[in-house]
Amino acid sequence: MTVAERLAACKARGEAVRVVDEVARAQLRAYKGRLLVEALERWVMAHLGPPWRRRGREPTPWVCRRCGPRDACQVKRNGHYRRCLVVQEGVISLRVPQLCCLGCGGQLALATLLLPRRRRYWLDLDRAITEAYLHGASYRKVRAMVERRIQSGAGLMSLWRRFQEIASKAHSASLPGPLKTLYLDEAYCRVKGEPCWALLALGENQRGQRGFLGALLSSDRSQEAWQKLLESLRPAAGGTGLTVMHDGDGALAAAVALVLPEAQQRLCLWHQLHNLFRQARDRYPGQQERQREMVEAGKQRLLAAAKLQPRTTSPLERAIREYRRRTRSMDGFGSLRGASNFLRAWLVKENSRWAGQDWLETLVA
């Protein structure tokens, strides 16, 4: 029965959609398989030439574990082997060229970008996993999504390992030009049931471009922890010409004064107003009129003193709000490695967004 006949025999709209989706997935799965097999054959042909041609000493990308790098004349074809690869449309079976070292007779790893060694999931599925997880889905929900797409089973640990490998290699371009402003703050999370803080450093250059410069997961917000983060940023000339914005935390201020003695420290206006409200409430409990008078007087004094821009840590606060929104639904992180890699991936995502780039392509290259 042809596809058209199957569609004509459908009794419900949902059944017709399933038929079209099933046929389209099968066609696309077969098409991807043919493309990959043809690309692998052409890649081998580009380095070895046709089987009948005599090969010379041209270098190849293949390395034998016993003999070292191999030239074209030291490699021969040795048939094919079957390998399964999981793509978004399901599992495809590939007929992969097999290569042999003429020196020792050992097998050579193909080592191609199209088909990395010991990689079950292909790039399109890696992107789907990363996008779903960073947008708020748990690993169990990601597994359900993947299993529905590939119509096969997927292990939780396999998905976890894939994301950890992707996140550990993620990186974004550094912020160009000299820094004008450095924003410092922390975001709370839990690791193995214990409180943990992500110490964050956001930079802004002379052209107004922003990007995260670094981060540190710490079990406390001590001066030593902030000092370690600031030293990892490798500031130039002790912070000359740099403005550091923070919330006025004593340990943070002391670390900035030690690592960046030439930088100008400014307290966030929003945090100062927030502290003013708390002081008025504690000093005049139940006396709303006296509280209002104290707040108004202090507000006018703070606004008059805070004339220079920037006046708040709002750019960093907005990014922290997104981080909290994503991690609030999680029951913490099960390991420090998982928390660190998630933070790294999230920083790369935010930097790509600020730079106007596709964060998914940057993260899963």
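Residues numbered from 1 in each chain as written. Predicted model: local features only at pLDDT ≥ 70, side-chain atom pairs only at ≥ 80, totals over all residues. Heavy atoms only, no water.

Chemist: Could you clarify how one ought to interpret the packing of aromatic side chains in this entry?
Modeler: We describe a pair of aromatic rings using the distance from one ring centre to the other and the angle between the two ring planes. The final tally for this structure, using the stated rule, is 10 aromatic pairs. Each ring, one from Phe 212 and one from Trp 354, has its centre 5.4 Å from the other, and the planes form 40°; the classification is tilted. Taken together, the positions of Phe 212 in strand β8 (residues 210–218) and Trp 354 in helix α11 (residues 336–354) put the pair 142 residues apart, joining distant regions of the chain. For Phe 212, a relative accessible area of 8% gives the class buried. (Phe/Tyr/Trp six-rings, centres within 6.5 Å; stacked < 30°, edge-to-face > 60°. Helix = DSSP H or I, 4+ residues; strand = E, 2+ residues; numbered from the N terminus. Buried < 20%, exposed > 50% of the residue type's maximum accessible area, 1.4 Å probe, protein only.)

Chemist: Is there a simple way to explain the nonpolar core in this structure?
Modeler: Soluble globular proteins tend to bury their nonpolar side chains together. Counting 47 residues, the largest nonpolar core has Leu 200, Tyr 323 and Phe 333 as its most contacted members. In contact with Phe 333, other than residues within four places in its own chain, are Tyr 133, Cys 189, Arg 190, Val 191, Lys 192, Tyr 323, Thr 327, Gly 338, Ala 339 and Phe 342. (Core = buried A, V, L, I, M, F, W, Y, C linked by side-chain atoms within 4.5 Å. Contact = heavy atoms within 4.5 Å.)

Chemist: Could you clarify how one ought to interpret the pattern of salt bridges in this entry?
Modeler: Working definition: two side chains of opposite charge can pair if their charged atoms are close together. Under the defined criterion, the tally for this structure stands at 14 salt bridges. Of the charged contacts in the structure, one is a salt bridge between Lys 32 and Glu 89, with a shortest N-O distance of 2.9 Å. Here Lys 32, found in helix α2 (residues 13–48), pairs with Glu 89, found in the loop between β3 (75–87) and β4 (90–101); they are 57 residues apart in sequence, far enough to count as distant. Given the relative accessible area of 11%, Glu 89 is considered buried. With a closest N to O distance of 2.6 Å, Arg 162 and Asp 126 form a salt bridge. With Arg 162 in helix α5 (residues 156–168) and Asp 126 in helix α3 (residues 123–134), this pair connects stretches of sequence that are 36 residues apart. We classify Arg 162 as buried; its relative accessible area is 8%. Owing to a relative accessible area of 2%, Asp 126 belongs among the buried residues under this scheme. Salt bridges sharing common partners tie together Arg 119, Asp 126, Arg 162, Glu 165 and Lys 169. (Salt bridge = Lys/Arg side-chain N within 4 Å of Asp/Glu carboxyl O.)

Chemist: Can you walk me through the side chain of Asp 247 in this structure?
Modeler: With respect to the element layout, Asp 247 can be found in the loop between β9 (243–246) and α7 (250–259). With no salt bridge to any partner, buried Asp 247 finds its closest opposite charge in Arg 221, at an N-O distance of 6.6 Å. A distance of 3.1 Å separates the side chain of Asp 247 from the backbone nitrogen of Asp 249, its partner in a polar contact. (Lys, Arg positive; Asp, Glu negative; His and termini not counted. Polar contact = N/O pair within 3.5 Å; in protein donor to acceptor, adjacent residues only side chain to side chain.)

Chemist: Explanation requested: the state of the cysteines in the structure shown.
Modeler: One covalent bond between the sulfur atoms of two cysteine residues makes up a disulfide. Scanning all chains against the criterion turns up 0 disulfides. A disulfide-free cysteine, Cys 100 has its sulfur positioned 6.7 Å from the sulfur of Cys 101, the nearest such atom. (Disulfide = S-S within 2.5 Å.)

Chemist: Would you mind going over the packing of helix α4 (residues 139–150) against α5 with me for this structure?
Modeler: When two helices pack together, their arrangement is captured by the angle between the axes and the distance separating the axes. Running from N to C, α4 and α5 point in directions that differ by 105°, and their axes come no closer than 10 Å. By the angle between their directions, the pair α4 and α5 is classed as roughly perpendicular. Taking contact as the criterion, the partners of Tyr 139, Arg 140, Val 142, Arg 143 and Val 146 in α4 are, on α5, Leu 156, Leu 159, Trp 160, Phe 163 and Gln 164. Class assignment for the residues of the contact of α4 with α5 results in 7 nonpolar, 1 polar and 2 charged. (Axes fitted to C-alpha atoms, helices over the stretch in contact; angles between N-to-C directions. Parallel < 35°, antiparallel > 145°, perpendicular 65-115°, else oblique. Nonpolar A, V, L, I, M, F, W, Y, C, P; charged D, E, K, R; others polar.)

Chemist: Would you take a moment to explain the environment of Ala 128 for this structure?
Modeler: Along the chain, the position of Ala 128 falls in helix α3. Along the backbone, Ala 128 and Met 145 are 17 residues apart, and their C-alpha atoms lie at a distance of 9.2 Å.

Chemist: How do you make sense of the sheet that holds strand β10 (residues 264–267) when you look at a structure like this?
Modeler: Backbone-to-backbone hydrogen bonds join strands into a sheet, with any given pair of strands oriented parallel or antiparallel. Taken together, 5 strands build an open sheet; the order of strands is β8-β7-β6-β9-β10 and the sheet is mixed. In this open sheet, the two edge strands, each paired with only one partner strand, are β8 and β10. Neighbour-to-neighbour, the strand axes of this sheet turn through a mean angle of 25°, independent of strand direction. In this sheet, β10 lies alongside β9 in parallel orientation, the contact comprising 4 bridges. Bridging from a neighbouring strand, Thr 243 pairs with Gln 264 of β10. (Pairing = 2+ DSSP bridges.)

Chemist: Just to check I follow, could you spell out a positive patch on the surface for this structure?
Modeler: The grouping of Arg 65, Arg 66, Arg 117 and Arg 118 at the surface amounts to a positive patch. With respect to the secondary-structure elements, Arg 118 resides in the loop between β5 (107–108) and α3. (Patch = residues over 30% accessible without salt bridge, like charges linked within 9 Å, V, L, I, M, F, W, Y side chains within 5 Å. Areas by Shrake-Rupley, 256 points an atom, 1.4 Å probe, with all protein chains shown as cover. Charge placed at Lys NZ, Arg CZ, Asp CG, Glu CD.)

Any functional reading would require information beyond the geometric quantities listed.
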